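Each chain, letter by letter, is given below.
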Protein chains: 2
Amino acid sequence: MFQIKAKDGKGRVGVLKTKHGDVKTPALMPVIHPRKQALDVAKYGAEIVITNAYLIYKDNKLKQKAIDEGLHKLINFNGPIMTDSGSFQLSVYGDVEITNKEVIEFQELIKTDIGTSLDIPTAPFVEREKAEKDLEITLQRAREAVNYKKEQNMEMLLNSVVQGSTFLDLRRECAKELSSLDADLYPIGAVVPLMESYHYKDLVDVVMNTMKELSDTRPRHLMGAGHPMIFALCVAMGCDLFDSAAYILYAEDDRLLSTRGTFKLENLQEMPCSCEICTKYTPDDLRAMPKEKRRDLIAQHNLHVSFAELRLIRQAIYDGNLMELVEERCRAHPALLEAQRQLANYTMDLEKYEPRSKKSAFFYTGAESLSRCEIQRHMQKLREMPKKTNLIILPPTRKPYSKFTSGKLGEFYTYGSNNEINIEDSDFMVLDIPFGLIPLEIDEVYPLSQNDAPKTYDVDSIEFLEDYLYEFSEYYDEILIHSRIVKKLELENCNKYDFEIRYKKDDVKKIKAIADYQFGNGAGEALFTGNINIEKSKKTGKIRHVYDGKTLIVNMRASDSYLILSKEGAKRLHKAFNYPKNRVVVNEDSEPFALDGKSVFCKFVVECDENIRSNDEVLIVNKQDKLLAYGKSLLGACEIKQFNTGQAIKTRKGMKK
Amino acid sequence: MFQIKAKDGKGRVGVLKTKHGDVKTPALMPVIHPRKQALDVAKYGAEIVITNAYLIYKDNKLKQKAIDEGLHKLINFNGPIMTDSGSFQLSVYGDVEITNKEVIEFQELIKTDIGTSLDIPTAPFVEREKAEKDLEITLQRAREAVNYKKEQNMEMLLNSVVQGSTFLDLRRECAKELSSLDADLYPIGAVVPLMESYHYKDLVDVVMNTMKELSDTRPRHLMGAGHPMIFALCVAMGCDLFDSAAYILYAEDDRLLSTRGTFKLENLQEMPCSCEICTKYTPDDLRAMPKEKRRDLIAQHNLHVSFAELRLIRQAIYDGNLMELVEERCRAHPALLEAQRQLANYTMDLEKYEPRSKKSAFFYTGAESLSRCEIQRHMQKLREMPKKTNLIILPPTRKPYSKFTSGKLGEFYTYGSNNEINIEDSDFMVLDIPFGLIPLEIDEVYPLSQNDAPKTYDVDSIEFLEDYLYEFSEYYDEILIHSRIVKKLELENCNKYDFEIRYKKDDVKKIKAIADYQFGNGAGEALFTGNINIEKSKKTGKIRHVYDGKTLIVNMRASDSYLILSKEGAKRLHKAFNYPKNRVVVNEDSEPFALDGKSVFCKFVVECDENIRSNDEVLIVNKQDKLLAYGKSLLGACEIKQFNTGQAIKTRKGMKK
């Protein structure tokens, strides 16, 4: 019903399968009024539309036609159609002339592709008591709808709408309840007032709390969201579907949508985008037109802009730079920037979904980038790494730092005493924005070299580096800091260090450090024993293969310097760590397939190391921890646990062969 | 030849007039190869193109055709054409087979609209000696060209190219020299290597230093700049023309331009914009096409994107939010963000061009916004304002703060002693991002209420506020700080203040404070004497008119709360300040026109207060400081001094009437 094709953090490109065809998500569903269809929205990129079953139900003529000829004929659209149930009318008029069961039945009868139960949309910032009471009804009706659909063996897909007003625990509770019902799609309801009043910060709280408990296996629909300005942010929070009448309502009011906000035609002297309408007409042309023609052209522009933004978002997901797009879009309005800053409170929720390695570089776009989960993840990994007695901190060079670090390293300062320290017993790290401290041995591992930031620091950057330094100085006996850093950060209480510092590159140290960083402490020692033999690329000088004698242990991937296990490497890693670390555990039935090197599907996974992230190298074992195979995880641990379809691990090799 | 229609900071919308028609600037001139024209670029928005006169000159067939039929026929373009002189070829091959005079003569002969002298493009980061030597020749040839054009009474407009490599003093020297020659257009040359290597920070230095000395009356052309990613930044620095072969060169290489960077077709799964090409075709469609067809379609996309960006930039100038667009665009790449941070070093250069009041609000888009000139300007004004003995600092409310500040103001803390202070002898100010301290009396003056920023502070914001507080605490005996600020900024050494604080609104204080802020210290006392009578809007409660008895002194503009002088107000202001403060001085010839209330043209202005900015209310006087009229300045002082055409002051009234 819903397949995920590509992911970046919580954002995903998916395919929603319906009776009337497939929909590529993230998607926008233009709202079609059942009585009048101003535009053939399919022509401008719509693959799915939404209309209101209750409005049809209430109008005898429409109702009869829908029953006789079907919904698709009624609104003249051959692709997938979602219908709403009258909840909105309920929230506005306080009552509707239909029951939950009736509206479900009616939606199936008129052959909608996706129907909706009659939930109670509870406005933001209401009294808690009201929100709780409403929620009880919403949940009861959702249960009723799911059961009724099963009972009647209905064909249509079913929406169960998440409510709970701005009470975050209620949103979580509702999402959890509904996820257990296993409906087909999960709309997030009653957020329009938040968007209309630019309360994007609260929108982030509502959506992120909902997402904490909402199944990852189903599409999520942010109801009433139709302004392209917020699409990227909402996709990054995990939303797959948007709907809106904005394209036509704004057009009727002579307003043009854009990712930077809304333009009033009366203020325009230039057309603001590259679409057909903006290139063919001038604002004066539009102003001189009859109202209806103008409205249609502006609506076309609005659709062009919206669908272009969704294409760009999908491309950003494929490219792995969705967050960069979000950070750019959130500069369009201070309320969006506030929302982005709020998103920093959910960094560890996002981290679970963040691939370990991506093809695009990490771009720092401003102080807010320092809250991104890649940075938190690195810091956490670094805390856990084995440490020498002393720390020597170097200023950034070109990247990879280790390639451009050699010879005498210049002047250093020390905190406190000025005794000669044991260089052999020292970690060498570069201090840089945005990743803080980067050990020279692992500096080529993604994203520690695959990133870019301005060399001019803002105050946030300086404080970030100071805090980093402060924390890590606690872990070492003696710290030496390069004079350039002392100067740039204006560090006080430093004394000049009188002895020369040199960094000695050591390939064995390097591969061991990478192994520890990648698989956990001790992995390096366990993997690289015996007669270590390192083969490098003749062209780039980079490590490519590591052998024990003639037995391959790992390959090193050139693009991100992660280690790819060989059969021997897998065995050694398996021995080095206890169940379930670095492991995906499959059930008995799938054992022979795994042994044969077949890929592992989610539904056969019974347990896995919760630290697994997509693109990690993992071991595949059975419940008795027998090593069956090894491969690359396509999903994060939390996703593997949830999904019942699709591949979890792309197996590199089974242990049978 | 060049008229400015709208301005925002140093960015301007202009019209460049040529024999072959008008060009709206900022404009992009697609490079047309004299031998092959792949696309009819006019169809995609080009109003002017650029081609290479030297390549035509060197090819006998082309040369003869150009002489016989004219350049426009040769490249099949009926609009304005600019020609380059072979300088580029000179820089690549070290020599060209043409002299400066010959190439000037040839360009006039083939009827180019804008010709170029044979300057020496000096690459960035060369030895100083080379840059100096090259510059000498460039300047000598520019002089020769200007003289030759005059001598021969040539019709074509003439480019004089600014060189000087990355030596900023040489760029300034060159710009100053060339400005004195009074050529028609000023290209800034040899910056392509900076752009190709993402040295945007150095580009900012080169362009801003050039701009320091370059005439504002002429269009400036950033030579070889053709990537839409940098258009907004460059327009904000004062560039009017761009040119580039990028649209076609990138297309030949299957690369698609966008304001976010460049997309390689091979990596695309979605088309990235709203243009006709992106809506009609998929990346797969393009990949399946014959090379030439694909190239033409991608080139069309590239042109659509580029011209759309220029339209959006022009609209931003009309709207007065160009800097917000720049700040958004500069998030596309860390090197652009670095450039934007570098631009902060030129804030006071930009301030001279920044209108005092605009129709759009100031949006804070990140830490970099705190360097914007509006903020520096306010801080400077505030330093100069008359001060009471004590300062009481309030947390932000909704805006305008003064409207939402009343009754008991809550808990306060004091630095040091805890004696009761004299509230009457205290200034009340709100502390907020992005404008720091805002006296309650002037809080409705643009942009102190007309701005928006996140309520969640980053470290830069906190340090900004702390610094502000620290500086202004020096100017007062006692400071009281509201508990919410003490908490938010984690201020130490504060003692609870035991007495109640109330703020008493006082309209007379308010208008006097605004007058002081607007016109300078003492303006309030001078303007508002006698029987002060304040008339407010019945609808909004805002002050609209201020009288002395029945004589109108000022009106207050509702949108920005600036004071608009009446005849009596002008007289009082004139008496209060010495020549040339708040004054524009016109020559003898224009005296009768000014007295009659006719608007003042730049060429009649002999002197003016250097603190005048566009949209300021100013006095119009003669050299003997006789008050002739008063009105609104349309330009900043530095522009009034430079321009010889166009209006400087929109006169409200002459003193004769």
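Before reading further, recall that the structure is shown in the block above.
Residues numbered from 1 in each chain as written. Chains lettered and ligands numbered in written order. Predicted model: local features only at pLDDT ≥ 70, side-chain atom pairs only at ≥ 80, totals over all residues. Heavy atoms only, no water.

As for the overall build of chain A
- Secondary structure summary: chain A contains 25 helices and 31 strands in total.
- Relative to its length of 657 residues, chain A is compact, with a C-alpha radius of gyration of 28 Å against a globular reference of 26 Å.
- For chain A, the proportion of its 657 residues judged to be buried stands at 63%.
- Considering only contacts in chain A between residues 6 or more positions apart, those separated by 24 or more positions represent 69%. (Helix = DSSP H or I, 4+ residues; strand = E, 2+ residues; numbered from the N terminus. Rg over C-alpha atoms; globule rule 2.2 N^0.38 Å. Buried < 20%, exposed > 50% of the residue type's maximum accessible area, 1.4 Å probe, protein only. Contact = heavy atoms within 4.5 Å.)

Some words on the environment of B:I479
- Structurally, the position occupied by B:I479 is in strand β20 (residues 478–482).
- In this structure B:I479 comes out as buried when scored by relative accessible area, which is 5%.

Looking at the relation of the copies chain B and chain A
- When chain B is fitted to chain A, the best match, at an RMSD of 0.1 Å, comes from turning it 180 degrees and sliding it 0.0 Å along the axis. When the rotation and shift are considered jointly, the pair of chain copies conforms to a two-fold rotation axis. Residues of chain B ranked by C-alpha distance from the rotation axis are headed by B:C275, positioned 2.1 Å from it.
- Looking at the interface residues of chain B, 100% of them are also at the interface in chain A, so both copies use one shared face. (Least-squares fit on C-alpha atoms with pLDDT ≥ 70 in both.)

Quick notes on the sheet that holds strand β31 (residues 647–654) of chain A
Residues and elements named next belong to chain A.
- Across the sheet, six strands lie side by side as β27-β31-β30-β29-β26-β28; this open sheet has mixed pairing. With partners counted over all chains shown, the strands left at the sheet margins are β27 (600–601) and β28 (605–608), one partner each.
- Two elements, strand β26 (residues 583–586) and β28, share three bridges in a ladder whose sense is antiparallel. Across the sheet, the residue bridging to V586 is V605, located in β28. (Pairing = 2+ DSSP bridges.)

Some details on a negative patch on the surface
- A contiguous patch of negative charge, built from A:E463, A:E466, A:D467, A:E490, A:E492, B:E463, B:E466, B:D467, B:E490 and B:E492, is present on the exposed surface.
- Of all elements in the fold, only α19 (459–473) of chain A together with α19 (459–473) of chain B reach the threshold of two or more residues within the negative patch.
- Taking relative accessible area as the criterion, B:D467 reaches 45% and is therefore assigned partly exposed. (Patch = residues over 30% accessible without salt bridge, like charges linked within 9 Å, V, L, I, M, F, W, Y side chains within 5 Å. Areas by Shrake-Rupley, 256 points an atom, 1.4 Å probe, with all protein chains shown as cover. Salt bridge = Lys/Arg side-chain N within 4 Å of Asp/Glu carboxyl O. Lys, Arg positive; Asp, Glu negative; His and termini not counted. Charge placed at Lys NZ, Arg CZ, Asp CG, Glu CD.)

Let's talk about the side chain of B:H304
- With respect to the helices, strands and loops of the structure, B:H304 is situated in helix α14 (residues 291–319).
- Judged by relative accessible area, B:H304 falls into the buried class, the value being 4%.
- Residues in contact with B:H304, not counting those within four places in the same chain, are A:S274, A:T279, B:Y44, B:C275, B:E276 and B:I277.

Regarding helix α23 (residues 567–576) of chain A
- Of all the positions in α23(A), only A:G569, A:A570, A:R572, A:L573 and A:H574 are classed as buried.
- A distance of 3.3 Å separates the backbone nitrogen of A:E568 from a side-chain oxygen at the start of α23(A), and that oxygen is part of A:S566. (Polar contact = N/O pair within 3.5 Å; in protein donor to acceptor, adjacent residues only side chain to side chain.)

Brief notes about the nonpolar core
- Counting 225 residues, the largest nonpolar core has A:L222, A:F242 and B:F242 as the members making the most contacts within it.
- The residues contacting B:F242, other than those within four sequence positions of it, are B:P26, B:A27, B:L28, B:M29, B:H221, B:L222, B:A225, B:F231, B:C234, B:V235 and B:L310.
- Residues A:V430, A:I433, A:L627 and A:Y630 belong to the second largest nonpolar core, which totals 94 residues. (Core = buried A, V, L, I, M, F, W, Y, C linked by side-chain atoms within 4.5 Å.)

Description of the state of the cysteines
Residue and element names in this part refer to chain A.
- One pass over the full model with this rule turns up zero disulfides over all chains.
- In this structure C239 is not part of a disulfide, and its nearest cysteine sulfur, from C234, lies 5.1 Å away.
- Of the cysteine sulfurs around C602, a residue in no disulfide, the closest is that of C608, at 9.3 Å.
- Exposure remark for C602: the relative accessible area of 2% places this residue in the buried category. (Disulfide = S-S within 2.5 Å.)

Quick look at empty space enclosed by the protein
- Summed over all chains, the structure comprises six cavities of 30 Å³ or more.
- Quantified by volume, the largest cavity comes out at close to 470 Å³.
- In this structure, the largest cavity is lined by 24 residues; those nearest its centre are A:T259, A:R329, B:T259, B:C273 and B:R329.
- Looking at the lining of the largest cavity, the elements with two or more residues in it are α14 (291–319) and α15 (322–329) of chain A together with α14 and α15 (322–329) of chain B. (1 Å grid on protein atoms, 1.4 Å probe; cavity = no way out; pocket = protein on both sides within 12 Å on 5 of 7 lines; lining within 4 Å. Points joined across faces, edges and corners; volume = space filled by probe spheres on them.)

A closer look at the interface of chain B and chain A
- Of the residues lining the interface, 52 residues belong to chain B; the matching set on chain A comes to 52 residues.
- Both faces considered, chain B and chain A share a buried interface measuring about 4,900 Å² in area, 49% of it formed by carbon and sulfur atoms.
- Broken down residue by residue, the surface that chain B buries against chain A is led by B:R260, B:E270 and B:E328, which jointly contribute 15%.
- At the junction of chain B with chain A, the criterion picks out 34 residue pairs in polar contact (both at pLDDT 80 or more).
- In terms of residue class, the side of chain B that touches chain A is built from 22 nonpolar, ten polar and 20 charged. (Buried area = accessible area lost by both parts, 1.4 Å probe. Nonpolar A, V, L, I, M, F, W, Y, C, P; charged D, E, K, R; others polar.)

Some details on a nonpolar patch on the surface
- On the surface, A:F88, A:V92 and A:Y93 cluster together into a nonpolar patch covering about 370 Å² of accessible area.
- Turning to its location among the elements, A:F88 is positioned in helix α4 (residues 87–93).

Things to note about the sheet that holds strand β4 (residues 27–30) of chain B
All names here are of chain B.
- If you walk across this open sheet you meet the four strands as β4-β11-β10-β9, and the pairing is parallel. Edge positions in the open sheet fall to β4 and β9 (186–188), since each of these has one partner strand only. Geometrically, the sheet is characterised by an average inter-axis angle of 25 degrees between neighbouring strands, direction not taken into account.
- In this structure, strand β10 (residues 220–222) lies alongside strand β11 (residues 241–244), joined through two bridges in parallel fashion. (Axes fitted to C-alpha atoms, helices over the stretch in contact; angles between N-to-C directions.)

Digging into the environment of B:V326
Residue and element names in this part refer to chain B.
- Secondary-structure assignment places V326 in helix α15.
- A relative accessible area of 0% means that V326 is categorised as buried.
- Separated by 308 residues in sequence, V326 and L634 place their C-alpha atoms 24 Å apart.
- Discounting residues that sit within four places of it in the chain, V326 has contacts with A232, L233, A236 and Q340.

Details of unusual backbone geometry
- Residue A:P447 follows A:Y446 across a cis peptide bond; omega there is -5 degrees.
- Structurally, A:P447 can be placed in the loop between β18 (436–439) and β19 (451–452).
- Of the consecutive residues B:T25 and B:P26, the connecting peptide bond is found in the cis state with omega at 0 degrees.
- Phi is positive for A:S165, which is not a glycine, with a value near 55 degrees.
- Of note, A:S165 is situated in the loop between β8 (157–159) and α7 (168–181).

What to know about the pattern of salt bridges
- Within this structure, the stated rule accounts for 94 salt bridges over all chains.
- Close ionic contact of B:R341 with B:E368 constitutes a salt bridge, the shortest N to O distance being 2.8 Å. Within this pair, whereas B:R341 is found in helix α16 (residues 334–343), its partner B:E368 is found in the loop between β14 (362–363) and α18 (373–384), the two being separated by 27 residues in sequence.
- B:D625 is the partner of B:R583 in a salt bridge, and the nearest nitrogen-oxygen pair spans 2.7 Å. A residue pair is termed long-range when its members are at least 10 positions apart, and B:R583 in strand β26 (residues 583–586) and B:D625 in the loop between β29 (617–621) and β30 (627–633) qualify at 42 residues.
- Judged by its relative accessible area of 0%, B:R583 falls in the buried class.
- Because the salt bridges share partners, they merge into one network encompassing A:D8, A:E324, A:E354, A:K358, A:R372 and A:E374.

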